[in-house]
Amino acid sequence: MVTFTACRSEPELVRPARPTPQETKALSDLDDQLSLRFYESIVGFFRGPPGESVRPGKVAKGIKAAVAGALVYYYPMAGRLQKIPGGNKLEVDCTGEGVMFVEAAADVRLEDLGQPLVPPYPCVEEFLADAGDTRDVVGKPLLFLQVVFPNCTLFFSCVLSIAYVHIGSLQTYRVTQLKCGGFVIGLHMCHCIADGFGILQFIKSIADFACGELIPTTLPVWKRDIFIARMPPSISHVYLAYKPFLRGLDCTDDDVMLSTPPESMEVQYLFFGPKEMEILRSHVPEHLSKTTTTFELLTAVMWRCRTIALGYEASQKVRLMFTLNTRGRSIKGESAVPRGYYGNAHFSPLVEVIVDELATKPLAHIVELMHKVKLETTKDCMKSMVDLMALWRERSPFGMDRTYEVSDTKWVGGNALQFGKAEFVAVGTPHAGDFTSKLISYHTKCKNKDGEDSTVVSILLPKLVMEKFTKEMAIWLKK
């Protein structure tokens, strides 16, 4: 595997292009969950068009100008997070201090990173800006931007990389330019200020300004009050699987996933193309196969294999937590969130079963449980879950014991990540930074060796467990 080191310049702050309001902005109670106080990492790979190049200095200047223009509209991202006295709640101090920008260079070609380009990416840390402690989110830049240039000319739309850091500014941008004219966008995202859809919307606004637009294609909407807890709170309509925690269920802290040190863990990436999906769909009835998404099917299979491999006792309860985005959802004819909203707008449905049920029931049973909990996401449920998140911010009784968390990020990329004429190649969520935030499995879109649309899923397990898990998965993938 290729190795290289990016050569970085000294960081500098990029401020909004014009004066912006000096005020404080309240986060929603979805934004301000304790579990979201960390920096998420994303890397995107692009190939520049042949025959078009620009001097690196001019490119860097253009990108900084585009970021500055976007920050006029997304001015909270140029601020800093601070604690509100008398509690554990955060807010955004819109200071206009700006986001961090770094120029860098890497002596490597896109082709050197692998064909096809799939995880794990070599030297992925070189594509990401230094965000410090990725679970320390107060008083830091929310964006660290690094542009990496190769030993060759650079295509203008090729240089952007973002890292959201909860430090002094809300985000961190890093763009790595490769010697072939390609580039890499590396992102550390402070999850409190925006979710995946929100950060893509912000990136698109930077691309808009880079291409000469005077305003963003999609105007940002703050409106965090749509997910603010009620007073007094009412938690009567939370997801059913959360209710045992409301009755004072204690966590046992006996999960090997939580007690195993990081150096004894192993990350693997599983690839599922059309052939593999056809085999897996043969394990569920035809009527269910037609209505089951790739995400649901893969999640059900991997949850079962993971649970068996971890060796939990047959009578123990295990949980599946997955993200459910409310954008585009209509509740009784009303849109859950307005167009342009870039805050966190996802809930976490929870499925709970005993190990014996998960290991012995047909796969269709698990898929149907996922369908059922999705239907629980009513307007009353969302309001109760917001109330619960606010209550748990002060002292959460919820632990991740025997819980498998999964997130579908296949929507990242494509048209959402186009920069001028640059060709989007791949995007992924690397295992970098704080390891405790990587227990989640991410579903990402990719191409397999035959050029077919495929899904790659990350999985983190103790090294001794990974072999058992691999054997369990092989059973399901046999014809």
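**Q** Any details on the packing of aromatic side chains? Residues and values, ideally.
**A** Evaluation of the coordinates by the stated rule reveals 12 aromatic pairs. An aromatic cluster is built from F4, F45, Y121 and F127, whose rings are joined through pairwise contacts. Lying over the aromatic face of Y341, R224 brings its terminal NZ or CZ to 5.5 Å of the ring centre. Above the face of the Y342 ring, R224 is positioned so that its terminal group lies 5.0 Å from the ring centre.

**Q** An account of the sheet that holds strand β13 (residues 317–322) is requested, with residue identities and associated values reported.
**A** Strand order in the open sheet formed by 6 strands is β12-β22-β21-β19-β13-β18, and the pairing between neighbours is mixed. The open sheet terminates on both sides in strands that have one partner only, identified here as β12 (265–272) and β18 (350–354). This sheet shows a mean twist of 25 degrees between the axes of neighbouring strands, independent of strand direction. Across 4 bridges, β13 lies against strand β19 (residues 403–408) in parallel orientation. Bridge pairing in β19 links R319 to T403. Packing of helix α5 (residues 274–281) onto the sheet brings it into contact with β12 and β22 (453–462), and relative to β12 it is tilted by some 90 degrees. Packed onto the sheet, helix α11 (residues 463–476) meets β12 and β22 and runs at close to 140 degrees relative to β22.

**Q** Describe the pattern of salt bridges, with residues and values.
**A** Scanning all chains against the criterion turns up 21 salt bridges. The shortest N-O distance in the salt bridge between E97 and R80 comes to 3.8 Å. Remark: R80 occurs in strand β5 (residues 80–83) and E97 occurs in the loop between β6 (90–94) and β7 (99–105); sequence separation between them is 17 residues. Classification of E97 by relative accessible area gives partly exposed; the value is 31%. Its relative accessible area of 10% is what places R80 among the buried residues. With its nearest N and O atoms 3.7 Å apart, the salt bridge here joins K290 to E286. Each member of the pair, K290 as well as E286, carries the same accessibility label: exposed. One connected set of salt bridges, linked through shared partners, spans D29, D32, R37, K89 and R393.

**Q** Tell me about the sheet that holds β5, and please be specific about residues and values.
**A** A sheet is described by the order of its strands in space; here 3 strands give the open sequence β3-β6-β5, paired in antiparallel fashion. Edge positions in the open sheet fall to β3 (23–26) and β5, since each of these has one partner strand only. The mean angle between the axes of side-by-side strands here comes to 40 degrees, regardless of whether they run parallel or antiparallel. Where β3 meets β6, 4 bridges bridge the pair, whose relative direction is antiparallel. Across the sheet, the residue bridging to K25 is V92, located in β6.

**Q** Now, about the nonpolar core: what can you tell me, with residues and values included?
**A** Judged by nonpolar contacts, the single largest core of 67 residues is most densely connected at Y242, F272, M302, W303, M385 and F469. A per-element tally of this core places helix α7 (residues 294–310) first, with 10 residues. With near-sequence residues (within four places) excluded, W303 lies in contact with V318, R319, L320, V351, V353, L358, I366 and Y404. Residues A68, V99, L142 and V427 belong to the second largest nonpolar core, which totals 45 residues.

About the criteria used
Residues numbered from 1 in each chain as written. Predicted model: local features only at pLDDT ≥ 70, side-chain atom pairs only at ≥ 80, totals over all residues. Heavy atoms only, no water. Phe/Tyr/Trp six-rings, centres within 6.5 Å; stacked < 30°, edge-to-face > 60°. Lys NZ or Arg CZ within 6 Å of the ring centre and 35° of its normal. Pairing = 2+ DSSP bridges. Helix = DSSP H or I, 4+ residues; strand = E, 2+ residues; numbered from the N terminus. Axes fitted to C-alpha atoms, helices over the stretch in contact; angles between N-to-C directions. Contact = heavy atoms within 4.5 Å. Salt bridge = Lys/Arg side-chain N within 4 Å of Asp/Glu carboxyl O. Buried < 20%, exposed > 50% of the residue type's maximum accessible area, 1.4 Å probe, protein only. Core = buried A, V, L, I, M, F, W, Y, C linked by side-chain atoms within 4.5 Å.

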